[in-house]
Amino acid sequence: MYETTYHRASSVDEAASLFAKGTEAKYLAGGQTLLPVMKQRLASPSDVIDLAQIADLVGCSGTLSGVQIKAATTHYEVANDATIRKAIPALAYLASQIGDPAVRHRGTIGGSLANNDPAADYPAAVLALNATIKTNKQTIAADAFFKGLFSTALADGEIITAVDFPLIDKAGYAKFPHPASRFALTGVFVAKKGADVRVAATGASQNGVMRVPAIEAALKANWSAGAIDSVKISADGLLNDIHGSSDYRANLIKVMAQRAVQAAG
């Protein structure tokens, strides 16, 4: 690694102040993305600011309209939190399927969203559930947060503090995982609230997480796995690599959506 200065912030304000003083500072949440790229010398931050020990950034709680997950809460904690498991069981299930036990005990929801890996699981849930991302500077709707591969609406130095998820009637998640990384080769999250249906796919598009209007329309008319049978998913704009062709991923979107609906009930 290159030489860097490590800081353990005790508050969000302190972290933001340390970031502003660094020439090329980076925030460290669970370290599941930053540390590997530093080891490969793809990143050489002047300062690494650890957010994991900030008490205000950890924990899950119920709200009047749903649930809130603080940004430094680990995947393991989300998967096993009683409030999340009761209110939105599909979200707890999604967290339980991320990586392996070591990753789930270190990785955080805030780190995952800030990095916006095109095959990450959480972006699909945030987009399908119409969640709200809170930062130390603003509140961002899910539809406005994701801007493309590894790109978000976050400004330089901005810190995600929490994510608010509204209560829904039904939700489900299914993914076809890469056998080595456990990232989603394609994953689909479906959510129904009243007459509204939102469907988001991760791991499939060249632009990262995306909504799937064709499946949303089919499920609005008939909430059932069979309603998706006649849906045609275009391969245009989908990833085409050694792990799967664009046509293969187009088919996976349909299959995973059907499994997600079945899981939702």
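Residues numbered from 1 in each chain as written. Predicted model: local features only at pLDDT ≥ 70, side-chain atom pairs only at ≥ 80, totals over all residues. Heavy atoms only, no water.

Overview of the nonpolar core
Logical step 1: Among the nonpolar cores identified, the biggest contains 40 residues, and L113, Y122, V126, L129, F165 and F189 are the most heavily contacted of them.
Logical step 2: The element best represented in this core is helix 8 (residues 122-128), accounting for 6 residues.
Logical step 3: In contact with F165, not counting residues within four places along its chain, are S65, G66, V67, I69, I88, L91, I109, A125, V126, L129 and A131.
Logical step 4: Of all hydrophobic cores here, the second largest spans 26 residues; its members include V188, A204, V212 and A257. (Core = buried A, V, L, I, M, F, W, Y, C linked by side-chain atoms within 4.5 Å. Buried < 20%, exposed > 50% of the residue type's maximum accessible area, 1.4 Å probe, protein only. Helix = DSSP H or I, 4+ residues; strand = E, 2+ residues; numbered from the N terminus. Contact = heavy atoms within 4.5 Å.)

Observations regarding helix 11 (residues 246-264)
Logical step 1: With 19 residues, helix 11 should reach 27 Å at 1.5 Å per residue; the first-to-last C-alpha distance of 27 Å fits that figure.
Logical step 2: Those residues of helix 11 lying buried are S246, R249, A250, L252, I253, K254, M256, A257, Q258, A260, V261 and A264.
Logical step 3: Among the structural elements, strand 11 (170-177), strand 12 (184-193), strand 13 (196-202), strand 14 (210-211) and helix 10 (213-221) are those in contact with the buried residues of helix 11.
Logical step 4: Downstream of helix 11 by one or two residues, G265 has phi in the positive range, about 90°. (Expected span 1.5 Å × (residues − 1).)

What about the sheet that holds strand 2 (residues 25-28)?
Logical step 1: Spatially, 1-3-2 is the arrangement adopted by the 3 strands of the open sheet, whose pairing is parallel. Edge strands, defined here as strands with exactly one partner in the open sheet, are strand 1 (5-8) and strand 2. On average, adjacent strands in this sheet sit at an angle of 20° to one another, irrespective of strand direction.
Logical step 2: Bridging between strand 2 and strand 3 (residues 47-50) involves 4 bridges; their strand directions are parallel. Residue A25 lies in a different strand from strand 3, and its bridge partner there is D47.
Logical step 3: Against the sheet, helix 1 (residues 12-21) contacts strand 1, strand 2 and strand 3, and its axis sits at roughly 150° relative to strand 2. (Pairing = 2+ DSSP bridges. Axes fitted to C-alpha atoms, helices over the stretch in contact; angles between N-to-C directions.)

What to know about the pairing of strand 10 (residues 160-166)
Logical step 1: The buried count for strand 10 comes to 7 of 7 residues, which makes it a mostly enclosed element.
Logical step 2: One ladder, built from 5 bridges, connects strand 5 (residues 66-70) with strand 10; its direction is antiparallel. By the bridge assignment, G66 is partnered in strand 10 with P166.
Logical step 3: Taken together, the 4 bridges between strand 6 (residues 132-135) and strand 10 define a ladder with antiparallel strand orientation. Counted as the bridge partner of T135 is I160 from strand 10.

Description of the environment of T202
Logical step 1: By the secondary structure assignment, T202 is in strand 13.
Logical step 2: Among the residues examined, T202 registers a relative accessible area of 0% and is labelled buried.
Logical step 3: In contact with T202, not counting residues within four places along its chain, are P118, A119, A120, A124, Y173, A184, L185, T186 and G187.
Logical step 4: At 2.7 Å, the side chain of T202 forms a polar contact with the backbone oxygen of A120. (Polar contact = N/O pair within 3.5 Å; in protein donor to acceptor, adjacent residues only side chain to side chain.)

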